[in-house]
Amino acid sequence: MTYEVVIGLEVHAQLLTKTKLFCACPTVFGREPNLNTCPVCLGQPGTLPVLNRQAVEFAIRAGLATGCSIEAKSVFARKNYFYPDLPKGYQISQYELPVCLKGHLDIEIVNGGRSPSEVNDDKPGKTDGGPGGRAGSPPAITKRIGITRIHMEEDAGKLVHEHPGTRAQDASWVDFNRGGTPLLEIVSEPDMRSPQEAVAYLKKLRSILVYAEICDGNMEEGSLRCDANVSLRPAGQEKFGTKVELKNMNSFKNVEKAIFYEIDRQASVLDEGGRILQETRLWDADKGETQSMRGKEEAHDYRYFPDPDLLPLIVDREWVERVGKTLPELPDAKRARFASQYQLPVYDAEVLASSRGLADFFEACVKEYPQPKKVSNWVMNEFLRMIGNDEARIPSSPLKPVHLAQAMKLVDGGTISGSVAKTVLQTVFETGESPQSIVEKQGLAQISDDGALETALDEVIAASPKEVEKYKAGNEKLIGHFVGQVMKKTGGRANPAKVNELVKRKLSS
Ligand SMILES: [Zn+2]
């Protein structure tokens, strides 16, 4: 049977506040266990939570950046369940009245569901001029994905099961450093119809949150976590199938793989006349499969009720407006501006605007060297490859925009060839030295001097009598042979145009 897949995502984003949601403990990652704790986040009797204003502001930013309405009044609720890393026995969250409602974001789909930035991920450095240059590929289609709600909640602590070499080998330890850290839970509508759409949504959402400077977007460290609700229904059927919740996917690739796996699994269960159980399944990246973790809880299992220690959260219009004014240009707007202001192909604009760091790098470069398409090619091919497609490495990259601009000017001035420029930039990336100084130190300047080139060419001519004979007999294609050999002899430093000229002059007689 043919099935249609229905996917909704629940994304948890850890907010970039310095302190926790209801106390003044720091949120820094990677400190010694239980150092970032106090009686409030450890849930000791008699303590009272105090709401972090900055966290509320970040929630408003997220809501505005995704077209949500910001609710004038929202309520914190207790979500009651027992778990060893949850000392209070409940998590403070929002339930019936969340802070943001009904937003959306747009994803771009090309090539049967692949997002442009994903195509780029597969082939670092192989975008070659960008399409523009991607001839024949169908244009991207924009699809709007609904956002049901965004609510605030505190994180739980963490259980540590492995601690090799200590007595903890046979025990589980609890680290409460993360307990009470502010999270946003962003719940989408079940609007996605393929794993690729889910990844495109997640990428776009991550990009927006990073742009808005409210989350660092680091999936490996868990500051951005994604659960997916996946169900199948016979093609054409209105009613949703039974959904399964997938957890534990800590990269875009794993989100895609886990959903693919789950679609296959559910399809074979249904094909055999079986029934899908509503449950939570964990993605095991090593085995490449999902495994059942527990039956899915319903909201009533949690006995939600308004937290009596916290007043309703009141957000007035003026506050929302003030926060709105501090929002930077967001990815969609930036992409549109890049396409029009710099006359870039849509593909280039999409790749560059998908990361704020990359977009800023590109614009800083264009300031120094105002040829946007050329800059875009170098940034997308060379720079992206150097940083391994990892925008987090941009701030610490020794290669700065000014270096790229300088290298391009050296090419334009005939000092170095394009291929030498690539080597030079790689050295800049490793050392932080300027292109100019690398070219001087390593003697990479292009040889345009007739005498030196002539000597090299004479040697080549002497070594290839057969080619000389054929060339003189009219096989002009062989000019490539002579130029190539001279380039080789000079370590790529010969000026190819000059060599071309010289070959013609020497062998025309
Ligand atoms: Zn605390």
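You'll find the structure just up there.
Right, let's walk through the structure included here. (Residues numbered from 1 in each chain as written. Predicted model: local features only at pLDDT ≥ 70, side-chain atom pairs only at ≥ 80, totals over all residues. Heavy atoms only, no water.)

## What about the coordination of the zinc ion?
Step number 1: Summarising the metal site, the zinc ion is bound by the protein donors Cys-23 (SG), Cys-25 (SG), Cys-38 (SG) and Cys-41 (SG), whose distances to it range over 2.3 to 2.4 Å.
Step number 2: In this structure, the zinc ion is surrounded by 4 donor atoms whose angles at the metal cover 99 to 115°, and the resulting shape is tetrahedral.
Step number 3: In the primary sequence, the donor residues of the zinc ion line up as C-x1-C-x12-C-x2-C. You'll find Cys-38 and Cys-41 in the same group, each marked buried. (Donors = N, O, S within 2.8 Å, 3.2 Å for Na, K, Ca; no water. Tetrahedral: all angles 85-135°; square planar, octahedral: opposite > 155°, others 65-115°. Buried < 20%, exposed > 50% of the residue type's maximum accessible area, 1.4 Å probe, protein only.)

## Notes on the sheet that holds strand β4 (residues 76-80)
Step number 1: Taking strand neighbours across the sheet as the criterion, the 3 strands line up as β5-β4-β15 in an open arrangement whose pairing is antiparallel. Only two strands of the sheet have a single neighbouring strand rather than two, namely β5 (90-94) and β15 (305-306).
Step number 2: Strand direction decides the pairing type here: β4 and β15, joined by 2 bridges, are antiparallel. The residue of β15 that forms the bridge with Ala-77 is Pro-306. (Pairing = 2+ DSSP bridges. Helix = DSSP H or I, 4+ residues; strand = E, 2+ residues; numbered from the N terminus.)

## Regarding the packing of aromatic side chains
Step number 1: What the rule picks out here adds up to 10 aromatic pairs.
Step number 2: Both rings, one in Phe-22 and one in Phe-76, keep their centres 5.6 Å apart while their planes meet at 85°; by these two values the pair is edge-to-face. Of this pair, Phe-22 sits in the loop between β1 (3-14) and α1 (53-65) while Phe-76 is found in strand β4, placing the two residues 54 residues apart along the sequence. One exposure class covers both Phe-22 and Phe-76, and it is buried.
Step number 3: An angle of 85° between the planes, with centres 5.3 Å apart, marks the rings of Tyr-342 and Phe-362 as edge-to-face. Taken as a pair, Tyr-342 in the loop between α6 (331-341) and α7 (346-353) and Phe-362 in helix α8 (residues 356-368) lie far apart in primary sequence, 20 residues in all. No difference in accessibility class separates Tyr-342 from Phe-362, as the two residues are buried.
Step number 4: Within the aromatic cluster, the residues linked to one another by ring pairs are Tyr-81, Tyr-95, Tyr-302 and Tyr-304.
Step number 5: Directly above the aromatic system of Trp-319 lies the positively charged group of Arg-53, at a separation of 4.2 Å from the ring centroid.
Step number 6: In this structure, Lys-203 is placed above the aromatic ring of Phe-252, and the distance from its NZ or CZ to the ring centre is 5.3 Å. (Phe/Tyr/Trp six-rings, centres within 6.5 Å; stacked < 30°, edge-to-face > 60°. Lys NZ or Arg CZ within 6 Å of the ring centre and 35° of its normal.)

## Digging into the pairing of strand β10 (residues 182-188)
Step number 1: Of all 7 residues that make up β10, 7 are buried, and the element is covered over most of its length.
Step number 2: Residues Pro-182, Leu-184, Ile-186 and Ser-188 of β10 are buried on one face, and the alternating residues Leu-183, Glu-185 and Val-187, pointing to the opposite face, are buried as well.

## A closer look at the pattern of salt bridges
Step number 1: Going through the model one piece at a time under the given rule, you end up with 32 salt bridges.
Step number 2: In this structure, Glu-391 and Arg-206 form a salt bridge, with 3.0 Å as the shortest nitrogen-oxygen distance. With Glu-391 in the loop between α9 (372-386) and α10 (401-412) and Arg-206 in helix α3 (residues 195-211), this pair connects stretches of sequence that are 185 residues apart.
Step number 3: Judged by relative accessible area, which is 16%, Arg-206 ranks as buried.
Step number 4: Close ionic contact of Glu-454 with Lys-506 constitutes a salt bridge, the shortest N to O distance being 3.4 Å. Here the residue Glu-454 occupies a position in helix α13 (residues 450-463), and Lys-506 occupies one in helix α16 (residues 496-507), the gap between them amounting to 52 residues.
Step number 5: One continuous salt-bridge network, built from bridges that share partners, spans Glu-108, Lys-204, Asp-332, Arg-335 and Glu-350. (Salt bridge = Lys/Arg side-chain N within 4 Å of Asp/Glu carboxyl O.)

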